[in-house]
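Residue strings, one per chain:
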Amino acid sequence: ALRFGKDDPRLTVRYGRSRYNVPVLPAGDFPAMGEVTGGHDITLPAADLLTLFNRVAFAQSTEQVRYYICGVHLHLFAEDGVPQLRTVATCGGRMAMAQ
């Protein structure tokens, strides 16, 4: 379960007996985006999502100086009308993608 409240600047992630509080930045820190049109929904087993993350984790940066590349990009798109999920990670010297 994901929870985010207006008074708490953290995203709470709960799964089973685990609970994580992830700090987040205020929406005002980001540029305004245009309206999103269309969109896709995708459902997949948690094990498949974990596999996508594991396939790119080796390329994920761990340098705190370059914090903006210390993560995995999730990209949801449609190919021939079929929703697809892609993960991408980079450390600046290598890049990995899984789909």
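What counts as what
Residues numbered from 1 in each chain as written. Predicted model: local features only at pLDDT ≥ 70, side-chain atom pairs only at ≥ 80, totals over all residues. Heavy atoms only, no water. Helix = DSSP H or I, 4+ residues; strand = E, 2+ residues; numbered from the N terminus. Buried < 20%, exposed > 50% of the residue type's maximum accessible area, 1.4 Å probe, protein only. Contact = heavy atoms within 4.5 Å. pLDDT = per-residue confidence, 0-100. Core = buried A, V, L, I, M, F, W, Y, C linked by side-chain atoms within 4.5 Å. Pairing = 2+ DSSP bridges. Axes fitted to C-alpha atoms, helices over the stretch in contact; angles between N-to-C directions. Disulfide = S-S within 2.5 Å. Patch = residues over 30% accessible without salt bridge, like charges linked within 9 Å, V, L, I, M, F, W, Y side chains within 5 Å. Areas by Shrake-Rupley, 256 points an atom, 1.4 Å probe, with all protein chains shown as cover. Salt bridge = Lys/Arg side-chain N within 4 Å of Asp/Glu carboxyl O.

Brief notes about the environment of Val22
Then comes step 1: Within the fold, Val22 resides in strand 3 (residues 18-23).
Then comes step 2: The exposure class of Val22 is partly exposed, given its relative accessible area of 36%.
Then comes step 3: Once the C-alpha coordinates of Val22 and Pro9 are considered, the two residues, 13 residues apart in sequence, prove to be 8.6 Å apart.
Then comes step 4: Non-local contacts of Val22, meaning those with residues more than four positions away in its chain, are made with Pro9, Arg10, Leu11 and Val13.

Some thoughts on the confidence of the model for the protein chain
Then comes step 1: This prediction gives the protein chain a mean pLDDT of 87; 98% of its residues lie at or above 70.
Then comes step 2: Looking across the protein chain, the model is least confident in strand 1 (residues 2-4), with a mean pLDDT of 86, and most confident in strand 6 (residues 95-98), with 95.

A look at the nonpolar core
Then comes step 1: One finds Leu52, Val56, Ala59, Leu85, Ala89, Ala96 and Ala98 forming the largest nonpolar core, which totals 7 residues.
Then comes step 2: Taken together, the elements giving at least two residues each to this core come down to helix 1 (46-56), strand 5 (82-90) and strand 6.
Then comes step 3: Not counting chain neighbours up to four residues away, the residues in contact with Ala59 comprise Ala89, Thr90, Cys91, Arg94, Met95 and Ala96.

Brief notes about the sheet that holds strand 4 (residues 73-79)
Then comes step 1: One open sheet accounts for 3 strands, arranged 4-5-6; its pairing is antiparallel. In this open sheet, the two strands that pair with only one neighbour each are strand 4 and strand 6. On average, each strand axis in the sheet is inclined to that of its neighbour by 25°, with strand direction left out of account.
Then comes step 2: In this sheet, strand 6 lies alongside strand 5 in antiparallel orientation, the contact comprising 4 bridges. Its bridge partner being in strand 6, Ala89 is matched across the sheet by Ala96.

Quick word on the state of the cysteines
Then comes step 1: Scanning all chains against the criterion turns up 0 disulfides.
Then comes step 2: Note on Cys70: no disulfide assigned, nearest cysteine sulfur contributed by Cys91 at a separation of 10.0 Å.
Then comes step 3: A relative accessible area of 27% means that Cys70 is categorised as partly exposed.

Here we look at a nonpolar patch on the surface
Then comes step 1: A cluster of nonpolar side chains, contributed by Phe4, Tyr20, Val22 and Val24, occupies part of the molecular surface with about 380 Å² of accessible area.
Then comes step 2: Tracing the backbone shows Val24 in the loop between strand 3 and helix 1.
Then comes step 3: For Val24, a relative accessible area of 30% translates into the label partly exposed.

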